[in-house]
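Fold and contact review
Residues per chain are reported as follows:
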Amino acid sequence: KQEVTQIPAALSVPEGENLVLNCSFTDSAIYNLQWFRQDPGKGLTSLLLIQSSQREQTSGRLNASLDKSSGRSTLYIAASQPGDSATYLCAVMGRDDKIIFGKGTRLHILP
Amino acid sequence: DVKVTQSSRYLVKRTGEKVFLECVQDMDHENMFWYRQDPGLGLRLIYFSYDVKMKEKGDIPEGYSVSREKKERFSLILESASTNQTSMYLCASSFQGPIITYEQYFGPGTRLTVT
């Protein structure tokens, strides 16, 4: 059964620093991996989607990579800002079409 | 922009009541999903649907049912609400391509409290 893990559960970083969030999954037979952002009490906002055939995707200051063989993905945030403070979740879609979410990393950017 | 809307942001119901949560998307997406989100447990899939009148059980379907009579609308039904169904409920939708899959778009969520 697919399991998705995000470590650490919480992270505090000074403003301006570059940072990396990690996501690991146990079954490499996936269709895609998606990174989301969630602000407190709100729904999820899609950040990046990586298809299983891709290695990375970029959007502005965000870069997501995927290494299926090792069961890992990273979300790189460049030049962090206080507005980046949120919970970041990754989700994988398996061959059974089910989507499994990690429990998220709560990010706090210190002004 | 894709828009996914949910009928209520906050809802308070009594134990035993029948509860309807509505989700509407405006982008002609084939796939629609219902999740619940609880502290320490993350998001868990309740039901999903590939097309009108189609439904598939997710990981935690017990105590819930769904209805998809029109492509744009996916309803989650709590037949007899219980206190352990107090949670944040999130709806999502996505295209289903022939080869690749597309990203999910989420609604704002409904925070349901059952007393």
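This section reports on the structure supplied with the text. Source: prediction; values computed, not measured. (Residues numbered from 1 in each chain as written. Chains lettered and ligands numbered in written order. Predicted model: local features only at pLDDT ≥ 70, side-chain atom pairs only at ≥ 80, totals over all residues. Heavy atoms only, no water.)

Here we take up the state of the cysteines. All names here are of chain A. One pass over the full model with this rule turns up 2 disulfides over all chains. Disulfide pairing places cysteine 23 opposite cysteine 90 at an S-S distance of 2.0 Å. Taking the torsion about the S-S bond as the criterion, the cysteine 23 to cysteine 90 disulfide, at about 75°, is right-handed. Taken together, the residues span a long stretch of sequence, with cysteine 23 in strand 3 (residues 19-25) and cysteine 90 in strand 9 (residues 86-94) at a distance of 67 residues. A residue is classified by how much of its surface remains accessible, and cysteine 23, at 2% relative accessible area, is buried. (Disulfide = S-S within 2.5 Å. Helix = DSSP H or I, 4+ residues; strand = E, 2+ residues; numbered from the N terminus. Buried < 20%, exposed > 50% of the residue type's maximum accessible area, 1.4 Å probe, protein only.)

Here we take up the packing of aromatic side chains. The way to describe two aromatic rings as a pair is by their centre distance and the angle between their planes. In this structure the tally under the stated criterion is 9 aromatic pairs over all chains. Considering the side-chain rings of Phe101(A) and Phe106(B), the 6.1 Å spacing of their centres and the 80° angle between planes classify their relative orientation as edge-to-face. Of this pair, Phe101(A) sits in strand 10 (residues 99-101) while Phe106(B) sits in strand 10 (residues 105-106), placing the two residues on different chains. Residue class for Phe106(B) comes out buried when judged on its relative accessible area of 9%. Considering the side-chain rings of Phe48(B) and Tyr50(B), the 5.3 Å spacing of their centres and the 80° angle between planes classify their relative orientation as edge-to-face. Grouping aromatic residues by their ring pairs yields a cluster made of Phe36(A), Phe101(A), Phe33(B), Tyr35(B), Phe48(B), Tyr50(B) and Phe106(B). Residue placement shows Arg9(B) over the ring face of Tyr10(B); its charged tip is 5.6 Å from the ring centre. (Phe/Tyr/Trp six-rings, centres within 6.5 Å; stacked < 30°, edge-to-face > 60°. Lys NZ or Arg CZ within 6 Å of the ring centre and 35° of its normal.)

A common way to state how big an interface is: give the accessible area lost once the parts meet. Contact with chain A, which involves 21 residues of that partner, is made by 23 residues of chain B. Across the interface of chain A and chain B, roughly 1,700 Å² is buried in total on both sides, 55% from carbon and sulfur atoms. The largest share of the area that chain A buries against chain B comes from Lys98(A), Ile99(A) and Phe101(A), three residues that together contribute 26% of it. In this assembly, chain A and chain B are joined by 0 salt bridges. At the boundary of chain A and chain B, one finds 6 residue pairs in polar contact (both at pLDDT 80 or more). When contributions to the side of chain A that touches chain B are tallied by element, the ones reaching two or more residues are strand 4 (30-38), strand 5 (44-51), strand 9 and strand 10 of chain A. The greatest single-element share of the side of chain A that touches chain B, amounting to 5 residues, is contributed by strand 4 of chain A. (Contact = heavy atoms within 4.5 Å. Buried area = accessible area lost by both parts, 1.4 Å probe. Salt bridge = Lys/Arg side-chain N within 4 Å of Asp/Glu carboxyl O. Polar contact = N/O pair within 3.5 Å; in protein donor to acceptor, adjacent residues only side chain to side chain.)

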